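Examining the three-dimensional arrangement
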Amino acid sequence: MAVIAHFSDVHIDDERSVRRTRAIVEYLEDLPYDLDLVLVTGDIADHGAPEEYATARELLASRHPVLVCPGNHDDRAAFRSGLLGEAASSAPVDQVYRGAGFTVLACDSSVPGKPEGWLGDGTLAWLEEELGRVPEGEPVLVAFHHPPVELHVPYVDEIRQFDEARLAELAGRHRQVAAFLAGHAHTAAATTFAGRPLLVAGGVVNTVRLPWERRAHADQHVHLDQPPAVAFHVLDADGRLTTHFRAVSTEG
């Protein structure tokens, strides 16, 4: 059995974002269980600034393995140098994590300078190649920042991942894809894409207001008082995926 913790959208900027991110990481560090992976699906820095990544690198340090992919608020060059310790580059940040009996392929869905998402030709070619390397029967989780479907939250749907038919076609050729994991929406959500589960992590820095929730004015898009959230994805010996969602207190 593999257990993967998944959270997203920490938006490191001020003391509040640091406190909420620290609460999540400390909760995971305090678990009496060694997680197989901690996955963070984007928007690590709020402004893509080097000092934000320096803070994030310290905050996200863990006894568990950690895999972090960029979002639309991130700067690829600063992300690479500040978080990954690599040479600065504007190329897509596509990464592989090979666990015991499972693989996570983290795709860069960011489009520099734009809030919406897209998987470029190079990323899709990389994804196809990596899927071909996975042993037969081993489940693969494909992760990225932007969900490739509407979540029925207009504020989010306007800047989702577009041109998703290419990804769906690719997934159709690789049945070992067990699920898709995303962030960006600032609300925990579960739906399907390309015949697989699509699981969206809740926001850490805040939680988006759903269209049917009360708001004081039209531009009040988020809850600031909701606790940060983390998802636990469990892959069992049969490759079946189960997800549990947890809210985490920010009180000491």
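Nothing here was measured: the structure is a model prediction, and the numbers come from that model. The residue numbers shown here count from 1 along each chain, following its written sequence. A pLDDT threshold of at least 70 governs which residues receive local features in this predicted model, and a stricter bar of 80 or more applies before side-chain atom pairs are shown or counted, although totals over entire chains, interfaces and linings include all residues. Note that water and hydrogens are dropped before the side-chain values are worked out from all heavy atoms of the structure.

1. Regarding helix α2 (residues 50–59)
Think of it in three bands: with a 1.4 Å probe and only protein chains considered, a residue is buried below 20% of the maximum accessible area for its type, exposed above 50%, and partly exposed in between. The helix count covers DSSP runs of H or I at least four residues long, the strand count covers runs of E at least two residues long, and both are numbered beginning at the N terminus. Here α2 has its buried residues at E52, Y53, A56 and L59. What you see down the axis of α2 is that its buried residues fit within an arc of 120 degrees, all on one side. Set apart from the buried face of α2 by more than 90 degrees, the exposed residues are P50, E51 and E58. In this fold, the buried residues of α2 make contact with α1 (15–29) and α3 (76–84). An arc is given here, and it is the one of the directions from the helix axis to the C-beta atoms. Only heavy atoms matter for contacts: two residues are in contact if any of them lie within 4.5 Å across the pair.

2. Quick notes on the nonpolar core
Core analysis: the largest hydrophobic core is formed by 30 residues, its most contacted members being F7, L28, L35, I44, V230 and F232. Of the residues forming this core, the biggest block, five residues, is contributed by α1. With residues up to four places along the chain from it excluded, the contact list for F7 reads I24, V25, L28, V38, L39, V40, T41, L60, A201, V204, A229 and V230. Among the buried residues, those of types Ala, Val, Leu, Ile, Met, Phe, Trp, Tyr and Cys that are joined through side-chain atoms within 4.5 Å form a nonpolar core. Counting residues in each nonpolar core, the second largest holds 27 residues, with W126, L131, L170 and V208 among its members.

3. Section: unusual backbone geometry
One non-glycine residue, H11, lies in the positive phi region at around 50 degrees. According to the relative accessible area criterion, H11 is buried, its value standing at 7%. Backbone geometry places D163, a non-glycine residue, at a positive phi of 60 degrees. Residue position: D163 is located in the loop between α5 (154–157) and α6 (165–172).

4. Considerations on the side chain of Q95
By the element assignment, Q95 lies in strand β4 (residues 95–98). Polar contacts, as used here, are pairs of N or O atoms within 3.5 Å; protein pairs need one atom able to donate a hydrogen and one able to accept it. Residues neighboring in sequence count only if both atoms are side-chain atoms. Separated by 2.7 Å, the side chain of Q95 and the backbone oxygen of V68 make a polar contact. Those residues in contact with Q95, other than ones at most four positions away along the chain, are L67, V68, C69, L84, V104, L105, A106 and W126.

5. Describing the sheet that holds strand β9 (residues 177–182)
The strand order across the open sheet formed by six strands is β4-β5-β8-β9-β11-β10, and the pairing between neighbours is mixed. A single partner strand is all that each edge strand has here, and the edge strands are β4 and β10 (189–193). With strand direction ignored, the average angle separating the axes of adjacent strands in the sheet is 20 degrees. DSSP bridges decide pairing: two strands pair if at least two such bridges lie between them. Angles here are taken between N-to-C directions and fall from 0 to 180 degrees, while the axes themselves are lines fitted to C-alpha atoms, restricted in helices to the stretch in contact.

6. So, the packing of aromatic side chains
By convention, a stacked pair of Phe, Tyr or Trp rings (six-membered ring in the case of Trp) has centres within 6.5 Å and planes under 30 degrees apart, an edge-to-face pair has planes over 60 apart, and any other such pair is tilted. Under the criterion given, the structure shown has five aromatic pairs. Pairing Y97 with F102 gives two aromatic rings, centres 6.2 Å apart and planes at 40 degrees, and the pair type is tilted. Y97 sits in the partly exposed class, given a relative accessible area of 22%. Plain terms: the ring middles of F144 and F180 are 6.1 Å apart, the flat faces sit at 20 degrees to each other, and that makes the pair stacked. Separated by 36 residues along the polypeptide, F144 in the loop between β8 (140–143) and α5 and F180 in strand β9 bring together distant segments of the chain. Per residue, the accessibility class of F144 equals that of F180, and both read buried. One aromatic cluster is present, built from ring pairs that chain together F144, F180 and F193.

7. Thoughts on the environment of V142
With respect to the secondary-structure elements, V142 resides in strand β8. Given the relative accessible area of 1%, V142 is considered buried. Considering only alpha carbons, one finds V142 and C107, 35 residues apart in sequence, at a separation of 7.3 Å. Leaving out residues up to four positions away in the same chain, V142 has contacts with L105, C107, L127, V177, A179, F180 and L181.

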